[in-house]
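Summary of the model geometry
What follows is the residue order along each chain.
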Amino acid sequence: MMICGHKDSRLVLVLQTDHSRVAGLLAAHWGNAEFAEPRPYGSMVLAAQEHDGGWWDWEIKPTLSGEGYPLDYIGSISRLRSVWLDFYRNGIERVAERDPYAGLMVLMHAVGLCTRGMGLLPRMPDYSEIPEVRLALGHLETRRRELVEELRRSDTYREVATDEHLWTNFRLMEVVEPLAQFICNRYPFNSTERRNGPGNTFEHVPVRPGRGDVTVTVDVLDERRARLRPYPFDVDPLEIQIPARLVPDRRYASQEEFLREYYKAERCVFTYSLHAS
């Protein structure tokens, strides 16, 4: 759950599952004359769209911080620990059951969340030394190998299951996901209230075979618009609608008190647009 800012003295909350849909939209429109479309397309869009699907298990009845405040997603691994690990593992398996390639990408993303993006995102905390996380990473590595073997036995996926192709697609996941964070975790778009999470530059961005990676920069122009340099999408502008809910900004005496506000919360949708330079 992202605490994005304030509207009329209330907290703006965006669910991780809705942020996940934004990542899926970014992946669906990724590709133009400069940037290659994701391949396999359906699997990669599904992986981006459902990468945080496991959060559903928690967001249907979210808990509070120890001080009684709504929990922001940043730092959730260290705060929720086994709860986070369990629901993320559930999310991986739900996706893998429908599409093993997408499931593998979600699994690799989960590992990246615990290990600074497997080295791609040094700004992130490293959670791999937390005992529960270290144990879970061992289980995820076993599952990763199983999925890779399954893909390489498949006529459908064998060609896109090489180490090189998997790493390229993982790098793409580690671009569209934090970009979706950047878009969803601030309200309005030009708010400076958010002090953590992704910045406005995204490195290690794959372009197409035979080309080196680039850095994409996001310049927020005003409350609703941002410009990307270079621009990786197939439509210009790309309009993004983000569902949110509004809850009172205060300490809650109990989870039940918070849930009363959370379930009754006014819903709203804010719309941002991404533009080429």
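Reading the values: rules and limits
- Residues numbered from 1 in each chain as written.
- Predicted model: local features only at pLDDT ≥ 70, side-chain atom pairs only at ≥ 80, totals over all residues.
- Heavy atoms only, no water.
- Helix = DSSP H or I, 4+ residues; strand = E, 2+ residues; numbered from the N terminus.
- Rg over C-alpha atoms; globule rule 2.2 N^0.38 Å.
- Buried < 20%, exposed > 50% of the residue type's maximum accessible area, 1.4 Å probe, protein only.
- Contact = heavy atoms within 4.5 Å.
- Areas by Shrake-Rupley, 256 points an atom, 1.4 Å probe, with all protein chains shown as cover.
- Lys, Arg positive; Asp, Glu negative; His and termini not counted.
- Charge placed at Lys NZ, Arg CZ, Asp CG, Glu CD.
- Phe/Tyr/Trp six-rings, centres within 6.5 Å; stacked < 30°, edge-to-face > 60°.
- Lys NZ or Arg CZ within 6 Å of the ring centre and 35° of its normal.
- Salt bridge = Lys/Arg side-chain N within 4 Å of Asp/Glu carboxyl O.
- Axes fitted to C-alpha atoms, helices over the stretch in contact; angles between N-to-C directions.
- Parallel < 35°, antiparallel > 145°, perpendicular 65-115°, else oblique.
- Left-handed = near helix turned anticlockwise from the far one by under 90°.
- Nonpolar A, V, L, I, M, F, W, Y, C, P; charged D, E, K, R; others polar.
- Pairing = 2+ DSSP bridges.

1. So, the overall build of the protein chain
Helix and strand content of the protein chain: nine helices and seven strands. Here the C-alpha atoms of the protein chain give a radius of gyration of 19 Å, agreeing with the 19 Å that 2.2 N^0.38 yields for 277 residues. Considered along the principal axes of its C-alpha atoms, the protein chain spans approximately 55 × 45 × 30 Å. Expressed as a percentage of its 277 residues, the buried residues of the protein chain come to 53%. Here the analysis covers contacts within the protein chain between residues at least 6 apart in sequence; of these, 70% occur between residues at least 24 apart. Of the accessible surface of the protein chain, which amounts to about 12800 Å², a share of 48% is contributed by carbon and sulfur atoms. The protein chain carries 35 positive and 41 negative side-chain charges, and their two centres are separated by 2 Å.

2. Quick notes on unusual backbone geometry
A cis geometry characterises the amide bond from Tyr187 onward to Pro188, with omega recorded as -10°. Along the chain, Pro188 falls in the loop between helix H8 (163–184) and strand E3 (201–205). Of note, the bond from Arg229 into Pro230 is cis; its omega dihedral lies within 30 degrees of zero at -15°. Looking at the element boundaries, Pro230 is found in the loop between strand E5 (225–229) and strand E6 (238–248). The phi dihedral of Asp8 is positive, around 55°, even though this residue is not glycine. Structurally, Asp8 can be placed in the loop between strand E1 (2–7) and strand E2 (10–14). Taking relative accessible area as the criterion, Asp8 reaches 59% and is therefore assigned exposed.

3. Looking at the packing of aromatic side chains
In total, this model carries 17 aromatic pairs according to the counting rule given. For Arg186, the ring lying beneath its charged end belongs to Phe182, and the centroid distance is 3.9 Å. Looking at Arg245, its charged tip hangs above the ring of Tyr262, at a distance of 4.3 Å from the centre.

4. Section: the pattern of salt bridges
The full count for this structure, using the stated rule, is 22 salt bridges. Residue Arg229 pairs with Asp219 through a salt bridge whose shortest N-O separation is 2.6 Å. Here Arg229 is found in strand E5, whereas its partner Asp219 is found in strand E4 (residues 214–220), with ten residues between them in sequence. Note on Arg229: relative accessible area 37%, which makes it partly exposed.

5. What about the packing of helix H2 (residues 41–50) against helix H6 (residues 100–114)?
Relative to each other, H2 and H6 sit at 40°, their axes nearing to 8 Å. As judged from the angle between their axes, H2 and H6 are oblique. Between H2 and H6 the crossing geometry is right-handed. Residues Ser43, Met44, Leu46 and Ala47 of H2 pack against Tyr101, Ala102, Met105 and Val106 of H6. Grouping the amino acids of the contact of H2 with H6 by side-chain chemistry returns seven nonpolar, one polar and no charged.

6. Side note on the packing of helix H1 (residues 16–28) against H2
Between H1 and H2, the shortest axis-to-axis distance is 6 Å and the interhelical angle comes to 155°. The pairing of H1 with H2 is recorded here as roughly antiparallel in orientation. Regarding H1 and H2, the two cross each other, and that crossing is right-handed. For the pair H1 and H2, contact is made by Ser20, Arg21, Ala23, Gly24, Ala27 and Ala28 and by Tyr41, Met44, Val45, Ala48, Gln49 and Glu50, respectively. Looking at the contact of H1 with H2 residue by residue, the classes come out as seven nonpolar, three polar and two charged.

7. Remarks on the sheet that holds E5
As summarised here, the arrangement of the seven strands in space is E1-E2-E6-E7-E5-E4-E3, forming an open sheet in which the pairing is mixed. Since the sheet does not close on itself, it has two edges, and those belong to E1 and E3, each with one partner. Within the sheet, the average angular offset between the axes of one strand and its neighbour, ignoring direction, is 30°. The sheet contact formed by E3 and E4 spans three bridges and is antiparallel. Along E4, the bridge assignment pairs Val205 with Val214. Against the sheet, H1 touches E1, E2, E6 and strand E7 (266–276), its axis set at about 175° to E6. Sheet strands touched by helix H9 (residues 255–264): E2, E6 and E7. Its angle to E6, the strand with the most contacts, is close to 140°.

So, to be careful, I would describe these as geometric facts and stop short of saying anything about function.
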